[in-house]
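Listed below, chain by chain, are the residues.
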Amino acid sequence: MTTRRYQLAVSLVVVMAVVVVVNGMALWGDTLAQWVDDALQLSTGLSAAVCGWVVARRVTGPQRWWRLLIAVGMFGWSCGQFVWSWHQLVENEGLPSPSLADVGYLSFPVFALPALFVLAKARHRPEDRQRWRPMQWTAHFGVAVVLDGLVVIGSLFILVWTSALAALVQATAPDALAWSVAIAYPLSDLVIVVVAVLMVVFDRVDRPYRANLLLLAAGIVALACSDSIFAYLVSIGAESMKPWSDAGFVIGPLLITYALLVMPREKRREDTRTGGVDWLQLVLPYIPVTAVVLLITGQLLFGDGPDWVEVMLSVLVIFLVLARQLLSLLDNRLLLRRVYEGQQQLAYQAYHDPLTGLANRALFAERLNHAIAEPTRQPMVLIFVDLDDFKEVNDRFGHAGGDVLLHAVGQRLLGCVRSGDMVARLGGDEFAILLEGEEEAPQAIGDRIREALRRPFAVHGTLVTVRASLGLVVPDLTEPLITPDVLLGRADTSMYAGKRLGKDTAVVYRPSHDGPPDFPTALRQAQGGIPVGFSLAYQPIVRLNDEVPVAVEALARWTAPDGTQVSPEAFVGAVEGAGLGAELDMLVLDLACREITKAELGLAVHVNVGASRLGTTALEDSIRLAVQRYRLAPGQLVVEITETVPVLDLNEGAKAIRRLQALGVRVALDDFGAGYSSLTYLHALPVDLIKLDRSLTIGGQPERDAALCRSLVGLCASLGLAVVAEGIETAEQAERIIAAGCALAQGYRFGRPGPLSASRRHVNPLVHPEG
């Protein structure tokens, strides 16, 4: 309905209401007022019937049927109104009861009730059936609505019967037929009004036909109101019924007419409201029940008690309430089962590949990690499977054909292993297999799998031959600090080695002494000791005014088993990548403290620690143990924070630094001016020492570098921080940083990294040498 039509409809309702009120005043006599009143009722009733018939011919499905039902009901109601008006106005005599008018009037609820149910089930399109489903829908939602409606109807009928209906029926029902007709009016009104209200309340979502339901319900309520007024007037013995009391008989059909004419909007807004507890739906059925309980209690205490109708209906309502509660318990049980099944489904989807149904990378890594962490490890074989030239299958059959092949390969691999073994799809055309407790030779296992995959696969009616490259790893059960990533990396390396040999191969991983040096493996094999070929070199940190060493920095060095001098950047980066950075930090810390104590030089020793380990319990325990074991003097150990990653939480970092300082350990910020360090660190972290990056001391613009260096040194001096200039290689650079106010320096100008014995000739014991 457009805005203009909406305004016109509202105006018509207002005008009709004004006419009813003015006509009710009977300004031109009661006879004319009665003629006008009956004419308005008959015209609005026939209008609803005609509009329903016309619109029903233009629509299909449920939208046609509910309109036809309402049209037939309003036509019957109009016929009853015609009979009533004829006897009242033409023959000028009272209408006997029962009569043909009763048949017409009572036909409306007979047809309107099914029309409501048809309208409530209507959808804009069949695919919207799920979209417009109520949020509170349960497995027995329809039964629950019916039970709630019956509870409300029974309770309200008891209240109506007690208040007025009993006296009315007894006064106007000389025989059984008359009694049935007399009670049919309030009972039918009660049923249809309750159903309409329940439809509106329980149909909370903004469905496309909600406007039709609201208007139809409003028209039904208006008709029922005038029926109730008429019944009340009869019960008190009124001789006539004023036209204003018939307002519902005029406004009701008019609203029903609008309900028949309104068509849904094609474009609808998505309902974004979140579901929640609808207290109105929960409480509504029990409000009239509570009123009935109070009524009967009052009758028992202060009156003669309820009559047989109240007793029978009360018993019925009690059984309906019990049935509703039983249904709620059943719905709750079903809901809990659905929640459990949903959680199981989500857990399955999180750990399984949706295409093949195999385990995914996460579940495979968890299973592999569990197998490695077992105190008594069983022999195991890890197999990495990569399909050769899989892209050609996608190019030939499309991605759908490729998916069919991947699923078939997964099932074929499952057939090659035992039920307790695991097959996973890691992604793309890569699979992984974990065999636990396998005693067969790995090469034989690989050959068996490759032989199984060589059998053709059917893809879209065509036989396709598949070749695969396999990388196999048999973990050493005694190897410490092994991780799933390391094993997968070895399997991947073996697989690619096979591809380089010509594909369709199975290569077993074997550590090669001829390959690149592998320091992480050497660190694991040391099991907390010193790896073969590992040592520390010490570079002096000198006081610039006399170039006397006041401290040394411990630098890691490693010589591979083949005699190769591996650069620190290479093997330290490999250790960090293997997740062994903390182990290397602890190794360097313990070895440096041991050697500096044994040398008895009285120098402070600097040890590098990754920023990611700052604040960890393992690091702090290692530092505390080293200070106590080697009886280091306060300030003799300096921990340099290296910034391979930024310090994300500065507050926690500051607390960690203070805990180290409480142990008598000083903390330095390494490579300041490079990496992630900034002036924010100076403000947030309570470090004792700043080490200026060499880019600030040997840059290509001496004047600018000197100005920047002088500013930083002055700033640090104001904060009470010592400053060490790194990377000093020439006398000119030394003079430049001295001019900038720097007192400490480190670099080839003062000594290259070497053994501690090289610093013995410069012994100058200091408790706080850099303070």
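This one's a predicted model, so the numbers in the text were calculated from it and none came from an experiment.

Bringing helix α22 (residues 702-718) into the picture now. Think of an α-helix as 3.6 residues a turn; residues three or four steps apart then line up on the same face. If you check α22, its first and last C-alpha atoms are 24 Å apart, about what 17 residues at 1.5 Å a residue would give, namely 24 Å. All of the buried residues in α22 are D705, A706, C709, L712, V713 and C716. Buried residues along α22 cover an arc of 135° about the axis, so they all sit on one side. Among the exposed residues of α22, those pointing more than 90 degrees away from its buried face are E703, R704 and S718.

Now for the packing of aromatic side chains. Taken as a whole and judged by the stated rule, the model has seven aromatic pairs. Centroid distance F82 to W86: 6.3 Å. Interplanar angle 35°. Geometry classified as tilted. One end of the pair, F82, and the other, W86, are both in helix α3 (residues 62-90), four residues apart, so they sit about a helical turn from each other. Directly above the aromatic system of F457 lies the positively charged group of R412, at a separation of 3.9 Å from the ring centroid.

Topologically, R425 is positioned in strand β2 (residues 422-427). Overall, R425 belongs to the buried group, its relative accessible area being 14%. Those residues in contact with R425, other than ones at most four positions away along the chain, are D353, L355, T356, L358, A359, N360, R361, L406, E430 and F431. Within the structure, the side chain of R425 is placed 3.0 Å from the side chain of D353, a separation counted as a polar contact. Only 3.0 Å separates the side chain of R425 from the backbone oxygen of G428, close enough to count as a polar contact.

Attention shifts here to the sheet that holds β2. The strand order across the open sheet built from five strands is β2-β3-β1-β6-β7, with neighbouring strands paired in mixed fashion. In this open sheet, the two strands that pair with only one neighbour each are β2 and β7 (506-508). For this sheet, the mean angle separating the axes of adjacent strands, direction not counted, is 20°. Here five bridges tie β2 to strand β3 (residues 430-436), and the two strands are oriented antiparallel to one another. Across the sheet, residue M422 finds its bridge partner in β3, namely L434. The strands touched by helix α13 (residues 390-414) within the sheet are β1 (380-387), β2 and β3, with β3 carrying the most contacts at an inclination of about 10°.

Take the packing of α3 against helix α4 (residues 100-120) next. Where α3 meets α4, the axes come as close as 7 Å, and the angle between the chain directions of the two elements is 165°. When the axis of α3 is compared with that of α4, the two are roughly antiparallel. Relative to α4, the crossing made by α3 is left-handed. Looking at the contact of α3 with α4, its residues break down into 19 nonpolar, seven polar and no charged.

One can find V21 in helix α1 (residues 3-24). As a C-alpha pair, V21 and A247 span 226 residues in sequence and 8.0 Å in three-dimensional space.

Attention now goes to the nonpolar core. One finds F534, V605, I623, L637, I690 and L692 to be the most contacted residues of the largest nonpolar core, which totals 73 residues. Looking at this core, the element that brings in the most residues is helix α18 (residues 581-599), giving nine residues. Look past the residues within four positions of I690 in its chain and what remains in contact with it is L669, F672, L682, C716, L721, A722, V723 and V724. Counting 31 residues, the second-largest nonpolar core is a separate cluster that includes L358, F397, V423 and A506.

Within the structure shown, the criterion is met by 24 salt bridges. Measuring nitrogen to oxygen at the nearest pair gives 3.0 Å for the salt bridge that ties D395 to K391. Here the residue D395 and the residue K391 both occupy positions in helix α13, the gap between them amounting to four residues, near one helical turn. Residue D395 is classed as exposed on the basis of its relative accessible area of 55%. Ionic pairing is found between R613 and D585, a salt bridge with its closest N-O pair at 2.8 Å. A residue pair is termed long-range when its members are at least 10 positions apart, and R613 in the loop between β11 (604-610) and α19 (617-629) and D585 in helix α18 qualify at 28 residues.

Within the element layout of this structure, V197 appears in helix α6 (residues 176-202). According to the relative accessible area criterion, V197 is partly exposed, its value standing at 37%. In sequence terms V197 and G149 are 48 residues apart; their C-alpha atoms lie 9.3 Å from each other.

What follows covers the packing of helix α16 (residues 519-526) against helix α17 (residues 568-577). Put simply, α16 and α17 touch, their axes get as near as 8 Å, and they point 65° apart. Here α16 is positioned roughly perpendicular relative to α17, judged by the angle of their axes. Touching F519, P520 and L523 of α16 are F571, A574 and V575, all from α17. Of the residues contributing to the contact of α16 with α17, the split by class is six nonpolar, no polar and no charged.

Most of β1 sits out of view: eight of its eight residues are buried. Because side chains alternate across β1, one face comprises the buried residues M380, L382, F384 and D386, and the other comprises V381, I383, V385 and L387, equally buried. One ladder, built from seven bridges, connects β1 with β3; its direction is antiparallel. When the sheet's bridge partners are listed, D386 is paired in β3 with E430. Bridging between β1 and strand β6 (residues 468-473) involves six bridges; their strand directions are antiparallel. Looking at β6, one finds that D386 is bridged to S469.

Rules and cut-offs
- Residues numbered from 1 in each chain as written.
- Predicted model: local features only at pLDDT ≥ 70, side-chain atom pairs only at ≥ 80, totals over all residues.
- Heavy atoms only, no water.
- Helix = DSSP H or I, 4+ residues; strand = E, 2+ residues; numbered from the N terminus.
- Expected span 1.5 Å × (residues − 1).
- Buried < 20%, exposed > 50% of the residue type's maximum accessible area, 1.4 Å probe, protein only.
- Arc of directions from axis to C-beta.
- Phe/Tyr/Trp six-rings, centres within 6.5 Å; stacked < 30°, edge-to-face > 60°.
- Lys NZ or Arg CZ within 6 Å of the ring centre and 35° of its normal.
- Contact = heavy atoms within 4.5 Å.
- Polar contact = N/O pair within 3.5 Å; in protein donor to acceptor, adjacent residues only side chain to side chain.
- Pairing = 2+ DSSP bridges.
- Axes fitted to C-alpha atoms, helices over the stretch in contact; angles between N-to-C directions.
- Parallel < 35°, antiparallel > 145°, perpendicular 65-115°, else oblique.
- Left-handed = near helix turned anticlockwise from the far one by under 90°.
- Nonpolar A, V, L, I, M, F, W, Y, C, P; charged D, E, K, R; others polar.
- Core = buried A, V, L, I, M, F, W, Y, C linked by side-chain atoms within 4.5 Å.
- Salt bridge = Lys/Arg side-chain N within 4 Å of Asp/Glu carboxyl O.

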